[in-house]
Amino acid sequence: MSDVKIKIEKSVFSVEKGTSLSSLLPRVRLQDEPILAKVNGYFIGLDFVLEEDMDIELFSAESEEALDVLWHSTSHLMAHAVLELFPNTQVGVGPAVENGFYYDFLRDVPFTLEDLDRIEEKMEELARRDIPIEKVEMPKEKALKLFKEQGQDLKVELIQEKGGEMVTCYRQDSFIDFCRGPHLSSTGLIKHFKLLSLSGAYWKGDEKGIQLQRIYGTSFFSKAQLKEYLDLLEEAKKRDHRKLGPELDLYSIHEDLGPGLILWHPKGSTVRRLIEDYWREEHIKDGYDFVYSPHVAKLDIWRKSGHTEHYDAMFPFIQLDNVEYQLKPMNCPFHIMVFNSRQKSYRDLPLRWAELGTVYRFERSGVLHGLLRVRGFTQDDAHIFCRADQLEDEIRKATRLAMRMLKTFGFEKFDIYLSTRPENYTGKLEDWNQAEKALERSLKDEGLPYKVDEGEGVFYGPKIDIKIKDAIGRSWQCTTIQLDFNLAERFDLNYIGEDGQAHRPFLIHRALLGSLERFFGILIEHYKGDFPLWLAPIQVKILPIADRHNDYAHSLDALFKEGDLRSEVDMRREKVGYKIREAEMLKIPFILVVGDKEVEQKNASLRVHSQGDKGQINPQEFLEKSKKLIKNKSISLNI
RNA sequence: GCCAGCGUAGCUCAGCCGGUAGAGCAGCUGAUUUGUAAUCAGCGGGUCGGGGGUUCGAAUCCCUUCGCUGGCUCCA
């Protein structure tokens, strides 16, 4: 009987040779329960038998690295299953992605949703067989020959492009894949998975290339985790603004009107108006002025700005009296022309001009999506013209304003990105450097954690993007703060400096909420349609029990309206239960029931949305408390 | 734009291998004066997304077009 030395997390354990890793674990002090281990770059199960001295790293079911490997291995398992079921299929690539994995396939007959069930069954079977997953190294020539023989021409292409002298493959039974790894040690470690959807995908992302079929799926180490994820998808469906929006009578889209064009109904318009009012107040506080510009302009202005060359989402132009007019896709040239309409002095700067500017973009039909991707929308746009010495301060102010507003709307988590100079850029290198430094410093000064997207800036300038995380953890891009060296140059922006010479100002382009349509869609999903009191289209519904209570109900309604509450009375001759049900389904924050008792005591019976009956309340007190919640833009309905 | 799927009343959906459409909810009308998530009864409502074809006959099969969904590509 001999012992082996196992090193885990800096501690060395001596165990009897031939025992399993799991029997050692009780002796190891760990924060999270491990689910997977890694030895020499290989992921192994806890039933691994310890035969020799080794270093072992442990991973919990939540660890990102372990999940990535699981997803990657599950994608191989899926490809394996597909090839077993449909031998003439070619496989493309199959990586782990954000919440799971996909694999691309090329096949004469497209997959159907029913095929997914069959593939899943086959995967279960292969997983149950607990097939070892082996890493195989071989010379490139051998690999090329091997995949050629199997008719995997796409893989051959990949090996030719990416393979070195020796190429790494992973083999599980009959299935072998050109792959860098790492992988799990056996298919038996894959237990809880689900194939989710089927879609098209271009080979190597090339729109003109061949079209493959992509199958998406996900997997987890525990059944509970898989369920949690599937529940999240269900929850997302319930929050879908495309469902809630029309249901709550907020907005609609009509085929007869045109795809991607939004009709804001009165209730949605109320929410929009409140967003806009708040937006204006905040901008006034921050020293912005407002401008307005037309929806069309001569096409020439877009030639000058460079949009005709670089931007392909413009609606076709309109020919009028031999002049071409263009529906605007952006507001920038207009604001710039306001700037250029008078000579500016260094004393005038900074100038901050904001506009809720409605723009039109001919987005390709396949990308339209509810309120999130549309063809006509209103940007909460602004352009800031400033001197070099003001740049950092202006960016800091804009960032701060964005954060302040987003927080007011109830968002608490953010992902902030700083995108720097790409290879193809316009403008002067020194300007880029200065601007990048200013962006970076302003984020640092504000204590905002951010990630740098090296080289991911747009060609005309570096930028800061802020993504918000909603109530169920999804992120949405809202704020963008971008420098624009291109337009400054093309429109020859300048001001007269202290030295009497003309200087080029910095031009900052920024949208904080993004677009009102999009932001509205995000808000609907974030709140699940349960808007906080200050944004709720109807804030209180008064329900008289019988006709004899109508006068009292109306007196309350008048009192609330006088106090700027959005109040309504439901006088229909229906039972209270019926009226309550309807008001609850409309997600109205407060319901006040009034009957004999209330009339007599000059009270009202309060019911808070999704919380139920709260008992009697004095109407004046209710009004004051509501007003306070509204004034504070409170998210909670605690009264 | 590309791939796949889908399109039946305002909404959710049924309608088998072709024989000119049906339910619930909503709406309207009437009765009920009602106490915390659906009172009862009656009525109206669809050229089955549009167009074309096959057929004696099409919601059903084929073609085409529009729209929607999931992705891809795009979003300087």
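Residues numbered from 1 in each chain as written. Chains lettered and ligands numbered in written order. Predicted model: local features only at pLDDT ≥ 70, side-chain atom pairs only at ≥ 80, totals over all residues. Heavy atoms only, no water.

## As for unusual backbone geometry
Now for step 1: Put simply, Leu-349 and Pro-350 share a cis peptide bond, and its omega is 0°.
Now for step 2: A positive phi angle, close to 55°, is found at Lys-602, a residue other than glycine.
Now for step 3: The residue Lys-602 is located in the loop between helix H18 (596-601) and strand S33 (604-608) in this model.
Now for step 4: Of the residues examined, Lys-602 reaches a relative accessible area of 57% and is grouped as exposed. (Helix = DSSP H or I, 4+ residues; strand = E, 2+ residues; numbered from the N terminus. Buried < 20%, exposed > 50% of the residue type's maximum accessible area, 1.4 Å probe, protein only.)

## Description of the nonpolar core
Now for step 1: Phe-409, Phe-519 and Phe-531 are the most contacted members of the largest nonpolar core, which has 64 residues in total.
Now for step 2: Ranked by residue count, the leading element in this core is helix H12 (residues 391-408), at 8 residues.
Now for step 3: Here Phe-409 is in contact with Ile-275, Tyr-278, Leu-513, Phe-519, Leu-523, His-526, Tyr-527, Trp-534, Leu-535 and Ile-635, once residues within four sequence places are set aside.
Now for step 4: Residues Phe-111, Leu-116, Ile-119 and Cys-179 belong to the second largest nonpolar core, which totals 40 residues. (Core = buried A, V, L, I, M, F, W, Y, C linked by side-chain atoms within 4.5 Å. Contact = heavy atoms within 4.5 Å.)

## Points about the protein's contact with RNA strand B
Now for step 1: Around RNA strand B, the structure places 51 residues, and the nearest of them are Gln-211, His-307, Arg-573, Arg-581 and Ser-605.
Now for step 2: With respect to RNA strand B, the side chain of Arg-364 contributes an N or O atom lying 3.0 Å from a base nitrogen.
Now for step 3: A distance of 2.4 Å separates a base oxygen of RNA strand B from a polar atom in the side chain of Arg-573.
Now for step 4: Of all the elements in the fold, those that place two or more residues in the surface near RNA strand B are strand S12 (192-202), strand S13 (211-220), helix H10 (307-310), helix H17 (576-585), H18 and S33.
Now for step 5: Per-class residue counts for the surface near RNA strand B are 20 nonpolar, 13 polar and 18 charged. (Near = heavy atom within 4 Å. Polar contact = N/O pair within 3.5 Å; in protein donor to acceptor, adjacent residues only side chain to side chain. Nonpolar A, V, L, I, M, F, W, Y, C, P; charged D, E, K, R; others polar.)

## Concerning the sheet that holds strand S25 (residues 463-469)
Now for step 1: Strand order across the open sheet formed by 8 strands is S16-S21-S22-S29-S26-S25-S23-S24, with mixed pairing between neighbours. Strand pairing shows two members of the sheet lacking a second neighbour, strand S16 (289-290) and strand S24 (451-453), which therefore form its edges.
Now for step 2: Relative to S24, strand S23 (residues 413-419) runs parallel, the two sharing 3 bridges. By the bridge assignment for S24, Leu-418 is matched with Val-452. (Pairing = 2+ DSSP bridges.)

## Considering the packing of helix H8 (residues 266-285) against H12
In helix packing, the relevant descriptors are the interaxial angle and the interaxial distance, both defined with respect to the helix axes.
Now for step 1: Put simply, H8 and H12 touch, their axes get as near as 11 Å, and they point 150° apart. Judged by the angle between their axes, H8 and H12 are roughly antiparallel. The element H8 and its partner H12 pack so that their crossing is right-handed. Together, Tyr-278, Trp-279, Glu-282, His-283 and Lys-285 of H8 and Leu-401, Arg-404, Met-405 and Thr-408 of H12 make up the contact between the two elements.
Now for step 2: Among the residues making up the contact of H8 with H12, the classes are represented as 4 nonpolar, 2 polar and 3 charged. (Axes fitted to C-alpha atoms, helices over the stretch in contact; angles between N-to-C directions. Parallel < 35°, antiparallel > 145°, perpendicular 65-115°, else oblique. Left-handed = near helix turned anticlockwise from the far one by under 90°.)

## Notes on the domain arrangement of chain A
Now for step 1: Examined at the domain level, chain A breaks down into domain 1 (3-60), domain 2 (65-238), domain 3 (284-293 + 331-522) and domain 4 (533-631).
Now for step 2: A straight line from the C-alpha centre of domain 1 to that of domain 3 covers 52 Å. (Domains from an automatic or database assignment.)

## Side note on the pattern of salt bridges
Now for step 1: Evaluated as defined, the whole model comprises 51 salt bridges.
Now for step 2: Across the pair Asp-231 and Lys-227 runs a salt bridge, and its minimum N-O distance is 2.9 Å. Placement of both Asp-231 and Lys-227 in helix H6 (residues 223-239) is noted, with a separation of 4 residues, approximately one turn of the helix.
Now for step 3: By relative accessible area, Asp-231 is classed as partly exposed at 37%.
Now for step 4: Of the charged contacts in the structure, one is a salt bridge between Glu-363 and Arg-373, with a shortest N-O distance of 2.9 Å. Residue Glu-363 is found in the loop between strand S21 (351-360) and strand S22 (376-386), and its partner Arg-373 is found in the loop between S21 and S22; the two are separated by 10 residues along the sequence.
Now for step 5: Linked by salt bridges that have partners in common, Arg-272, Glu-276, Asp-277, Arg-280 and Glu-517 make up one network. (Salt bridge = Lys/Arg side-chain N within 4 Å of Asp/Glu carboxyl O.)

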